[in-house]
Each structure stands twice: as structure tokens, then as C-alpha cells.
Amino acid sequence: KVTMPFRKPSVVMTPKSLLRHPLARSPVSDFLPGSKFQRVIPDKNIENPSNVQRVIFCTGKVYYDLVAARKHVGKENEVALARVEQLSPFPYDLVLEECTKYPEAGLVWAQEEHKNMGGWT
């Protein structure tokens, strides 16, 4: 048994399709001392935030589907994808920070589940 004085999830609750997905890997540096759990993971591939027309917030497996769809339609610079990794308590502070990065963008929540399931509410 290993006990650490911090919270850092290392168990992945995901469909089997992501076990070998090249984008669903974390570098070793994410598990070294000084690292911490990220409640919201911003889109680090956006070069010019003023060009972003839409910010899509999502969680889970749907992120990887959205990355592929964004690339397919050629909107890598117009659509930002932000992953919400913690739903409860909801990270309002970090979501607001993402919204202020892209002042001209529309905000969207995407999920695979029905509206009455998942994180939509």
C-alpha cells in the first residue's frame, strides 16, 4: 500500500478504445513531484485566441472524437476544445478563465449522453 499526501488519480475509467489511443497518453512528467490533477485541461494548440469562433467544453471520450472532427473540417484555429476533468465540485473558476481567453467565441457543451444524463446540467 502506498500512501501519498496528495490527490492524483492514476486509474483511468474509460472505454477500451482509448487504452491504446495515441492522444490518450500522459507524459511521465504528469506524475512527478510538483505536478497536480488538472480540473480543466485547456486547448494548448490555439495560437491566436482572437481567431477562435467557438469554445467546446466536454469531458471523457468525446474529446478525442471532437479532435478528429475538428481536424477533418479544418477548423483547428477556429474551434478550441477544453476538457473538464472534474464535474463535482464544478470548476467554475477555471471554466470562466477559459471563457475569458476567447471573448468573441460562442460557448458549447458537448456530450455523448442524452441531455438528462452526463454533465449537461
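As shown above, the structure is provided for reference.
An account of the accompanying structure is given in this report. Treat the numbers as computed from the prediction; the structure is a model and nothing was measured. (Residues numbered from 1 in each chain as written. Predicted model: local features only at pLDDT ≥ 70, side-chain atom pairs only at ≥ 80, totals over all residues. Heavy atoms only, no water.)

1. A few points about a nonpolar patch on the surface
At step 1: A surface patch of nonpolar side chains, amounting to about 320 Å² of accessible area, comprises Leu87, Phe90 and Tyr92.
At step 2: Within the secondary structure, leucine 87 is located in the loop between strand S3 (79-84) and helix H2 (92-101). (Patch = residues over 30% accessible without salt bridge, like charges linked within 9 Å, V, L, I, M, F, W, Y side chains within 5 Å. Areas by Shrake-Rupley, 256 points an atom, 1.4 Å probe, with all protein chains shown as cover. Salt bridge = Lys/Arg side-chain N within 4 Å of Asp/Glu carboxyl O. Helix = DSSP H or I, 4+ residues; strand = E, 2+ residues; numbered from the N terminus.)

2. Regarding helix H1 (residues 62-73)
At step 1: Between its terminal C-alpha atoms H1 stretches 17 Å, which fits the 16 Å expected from 12 residues at 1.5 Å a residue.
At step 2: Every buried residue of H1 is accounted for by Val62, Tyr63, Tyr64, Leu66, Val67 and Arg70.
At step 3: At its buried positions, H1 is contacted by strand S2 (54-58) and S3.
At step 4: Of the residues trailing H1, glycine 74 is marked for its positive phi of about 70°. (Expected span 1.5 Å × (residues − 1). Buried < 20%, exposed > 50% of the residue type's maximum accessible area, 1.4 Å probe, protein only. Contact = heavy atoms within 4.5 Å.)

3. Some words on the sheet that holds S3
At step 1: Sheet architecture is open: 4 strands sit in the order S1-S3-S2-S4, paired in mixed fashion. Only two strands of the sheet have a single neighbouring strand rather than two, namely strand S1 (40-41) and strand S4 (106-109).
At step 2: Where S2 lies against S3, 5 bridges are found, and the strand directions are parallel. For phenylalanine 57, the partnering residue across the bridge sits in S3 and is alanine 82.
At step 3: Together, S2 and S3 form the strand contacts of H1, whose direction differs from that of S3 by roughly 170°. (Pairing = 2+ DSSP bridges. Axes fitted to C-alpha atoms, helices over the stretch in contact; angles between N-to-C directions.)

4. Let's talk about the nonpolar core
At step 1: Among the nonpolar cores identified, the biggest contains 12 residues, and these are Val40, Ile46, Val52, Val55, Phe57, Ala80, Ala82, Val84, Val95, Cys99, Tyr102 and Ala105.
At step 2: Those elements that place two or more of their residues in this core are S2, S3 and H2.
At step 3: In this view, alanine 80 contacts Asp43, Ile46, Val52, Arg54, Val55, Ile56, Arg70 and Tyr102; residues no more than four positions away in its chain are not counted.
At step 4: In this structure, Leu18, Cys58, Tyr64 and Val67 belong to the second largest nonpolar core, which totals 11 residues. (Core = buried A, V, L, I, M, F, W, Y, C linked by side-chain atoms within 4.5 Å.)

5. Things to note about the side chain of arginine 83
At step 1: Mapped onto the elements, arginine 83 comes out in strand S3.
At step 2: In terms of polar contacts, arginine 83 uses its side chain to reach the side chain of tyrosine 64, at 3.4 Å.
At step 3: If we skip the residues at most four places from it in the chain, arginine 83 touches Arg39, Val40, Ile41, Cys58, Tyr63 and Tyr64. (Polar contact = N/O pair within 3.5 Å; in protein donor to acceptor, adjacent residues only side chain to side chain.)

6. Regarding the environment of tyrosine 92
At step 1: Structurally, the position occupied by tyrosine 92 is in helix H2.
At step 2: When the C-alpha positions of tyrosine 92 and valine 40 are compared, they lie 9.7 Å apart, and in sequence the two are 52 residues distant.

7. Description of the environment of glutamine 86
At step 1: Tracing the sequence through the fold places glutamine 86 in the loop between S3 and H2.
At step 2: A distance of 2.9 Å separates the side chain of glutamine 86 from the backbone oxygen of proline 89, its partner in a polar contact.

8. Thoughts on the pattern of salt bridges
At step 1: Summed over all chains, the structure comprises 5 salt bridges.
At step 2: Linking arginine 39 and aspartate 93 is a salt bridge whose minimum nitrogen-to-oxygen distance equals 3.0 Å. Remark: aspartate 93 occurs in helix H2 and arginine 39 occurs in the segment before S1; sequence separation between them is 54 residues.
At step 3: Overall, aspartate 93 belongs to the partly exposed group, its relative accessible area being 45%.
At step 4: With a shortest N-O distance of 2.6 Å, aspartate 43 and arginine 70 are connected by a salt bridge.

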